[in-house]
Amino acid sequence: YTIYYNFIMDSINLPKGWEEKQSSSHPGKYYYINKRTGKSQWEIPLQDDDEIYDNAINEVQALHILKKHNQSRRPASWRNPNITQTKNESIEQIKIIRKQLIDELNNNGIDNMIKLFKRIASVESDCSSASRGGDLGTFSRGQMQKSFEDATFSLQVNGLSDLVDSDSG
């Protein structure tokens, strides 16, 4: 969605995090720079940089594949009531799965990669979401472990994260 605001201002009090600069290629015309991101725009910003950053994404939907290990918070799953594999073994398994997913994405596109992700999650994930192809549904900030939340909220749509370490696995 794009929302355009048109208004006239005599004096500009820029929101926090923004800076006004005069264009060198268009004398007399001003543009605005977000000091955090470096992004520039011709339109006058309406919100503080912190407000935009904090409120940009309120909810996400994610698929995931959880590989537990013997140091996980609860080293048991629907697949295995007593998980004995080491953290390093779990990491290696995730690396192999991630490579398969990247190869599928590069060779056959995002739709096929998502199908493969769901197939792998349904048999390899130690989370109960395996029954839904790893689909966790939608969730807001504060509902997941911090490392997982940070990873999911920072991804682009259809993005594939690197390995995420959490207390669960």
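The structure we're discussing is the one just above.
Residues numbered from 1 in each chain as written. Predicted model: local features only at pLDDT ≥ 70, side-chain atom pairs only at ≥ 80, totals over all residues. Heavy atoms only, no water.

A. Representation of the sheet that holds strand 3 (residues 40–41) within the structure. Pairing is antiparallel across the open sheet formed by 3 strands, whose spatial order is 1-2-3. In the strand order of this sheet, the two ends are held by strand 1 (18–22) and strand 3, each with one partner. (Pairing = 2+ DSSP bridges. Helix = DSSP H or I, 4+ residues; strand = E, 2+ residues; numbered from the N terminus.)

B. Local environment of the pairing of strand 4 (residues 59–63). The side-chain alternation of strand 4 yields one buried face, formed by Val60 and Ala62, and one unburied face, formed by Glu59, Gln61 and Leu63. Pairing analysis gives 4 bridges linking strand 4 to strand 5 (residues 135–140), with the strands arranged antiparallel. Bridge assignment links glutamine 61 to a residue of strand 5, and that residue is threonine 138. (Buried < 20%, exposed > 50% of the residue type's maximum accessible area, 1.4 Å probe, protein only.)

C. Broad picture of the packing of aromatic side chains. Per the stated rule, a full pass over the model turns up 3 aromatic pairs. One aromatic cluster is present, formed by Phe139, Phe148 and Phe153 through successive ring pairs. Note that lysine 29 overlies the ring of tryptophan 42, its terminal NZ or CZ placed 4.4 Å from the centroid. (Phe/Tyr/Trp six-rings, centres within 6.5 Å; stacked < 30°, edge-to-face > 60°. Lys NZ or Arg CZ within 6 Å of the ring centre and 35° of its normal.)

D. Just the pattern of salt bridges, in detail. Per the counting criterion, the structure on display carries 8 salt bridges. In this structure, glutamate 124 engages lysine 67 in a salt bridge whose closest nitrogen and oxygen atoms are separated by 2.8 Å. On the criterion of sequence distance, the pair formed by glutamate 124 in helix 3 (residues 110–124) and lysine 67 in the loop between strand 4 and helix 2 (87–108) is long-range, its members being 57 residues apart. Lysine 67 gets classed as buried once you look at its relative accessible area, which sits at 4%. The closest approach of N and O atoms between arginine 141 and glutamate 149, which form a salt bridge, is 3.8 Å. (Salt bridge = Lys/Arg side-chain N within 4 Å of Asp/Glu carboxyl O.)

E. Up close: the nonpolar core. Grouped together as the largest cluster of nonpolar side chains are 9 residues: Ile65, Ile94, Ile97, Leu101, Met113, Leu116, Phe117, Ile120 and Ala121. Mapped onto this core, the elements with two or more residues apiece are helix 2 and helix 3. Per-element tally for this core: the top contributor is helix 3, with 5 residues. If we ignore the near neighbours within four places in the chain, the residues touching methionine 113 are Leu101, Glu104 and Leu105. Of all hydrophobic cores here, the second largest spans 5 residues; its members include Val60, Phe139, Phe148 and Phe153. (Core = buried A, V, L, I, M, F, W, Y, C linked by side-chain atoms within 4.5 Å. Contact = heavy atoms within 4.5 Å.)

F. How the structure looks around the environment of alanine 151. Looking at the element boundaries, alanine 151 is found in helix 4 (residues 146–154). Here alanine 151 falls in the buried class, since its relative accessible area comes to 16%. Distance in space between the C-alpha atoms of alanine 151 and aspartate 165 is 10.0 Å, their sequence separation being 14 residues.

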